[in-house]
Amino acid sequence: MSSMIAVLRLNSGNQFFDYNFSDTNFIYGPNTVGKTAMAITIDTVLAKTKNRAFEYSNCLKNVDSIDINLRNDKRKKWFRRDRQNNFFIKDGDDGAFQQVDIDYYKNEIEKF
C-alpha cells in the first residue's frame, strides 16, 4: 500500500496556500529559497519535531496553522497543527477538524 503527502496547506486567517504533491517530488533550488523551511514545516505538522516551523526564521510569521493531507490506496486524512501546539484530524475532504491529543495524532499518522 503506497502512502503519500497529497497537500501541504498553510493557513492564515481565512486564507490558505496549498503546495500540491504527486507520487515523486523533489524540493530543490539554490540557497535561500526555502528548502529547509519546507522540510521543517513537514516535520512539524507530522509531529516529528516540536512546534519548530513557527519559530524558524520569519517565513511562517503570518501562518496560524499547518495542514497536511495524507493518502493511500484505502483512505485519506487531514492533519492540522496550530501555532498554539494543538492537534486536529479530519477524515476525508468533508466535515470539520476534531481536536485530539498528541498521542492519538501520532498514532493516526503512523497508520499511514
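Use the structure listed above.
Residues numbered from 1 in each chain as written. Predicted model: local features only at pLDDT ≥ 70, side-chain atom pairs only at ≥ 80, totals over all residues. Heavy atoms only, no water.

1. A few points about helix α1 (residues 35-45)
So, step 1. Ala 37, Met 38, Ile 40, Thr 41, Ile 42, Thr 44 and Val 45 are the residues of α1 that are buried.
So, step 2. Along its buried surface, α1 packs onto β1 (4-12), β2 (15-20), β3 (65-71), β4 (76-82) and α2 (102-110).
So, step 3. After α1 finishes, the residue Ala 47 shows a positive phi value of roughly 60°. (Buried < 20%, exposed > 50% of the residue type's maximum accessible area, 1.4 Å probe, protein only. Helix = DSSP H or I, 4+ residues; strand = E, 2+ residues; numbered from the N terminus. Contact = heavy atoms within 4.5 Å.)

2. What to know about the pattern of salt bridges
So, step 1. All told, the structure shown has eight salt bridges when counted by the stated rule.
So, step 2. The shortest N-O distance in the salt bridge between Arg 71 and Asp 93 comes to 3.8 Å. Of this pair, Arg 71 sits in strand β3 while Asp 93 is found in the loop between β5 (87-91) and β6 (98-100), placing the two residues 22 residues apart along the sequence.
So, step 3. Across the salt bridge formed by Lys 111 and Glu 108, the nearest N and O atoms sit 2.8 Å from each other.
So, step 4. Classification of Lys 111 by relative accessible area gives partly exposed; the value is 47%.
So, step 5. Owing to a relative accessible area of 4%, Glu 108 belongs among the buried residues under this scheme.
So, step 6. The structure contains a network of salt bridges with shared partners spanning Arg 75, Lys 77, Asp 91, Glu 108 and Lys 111. (Salt bridge = Lys/Arg side-chain N within 4 Å of Asp/Glu carboxyl O.)

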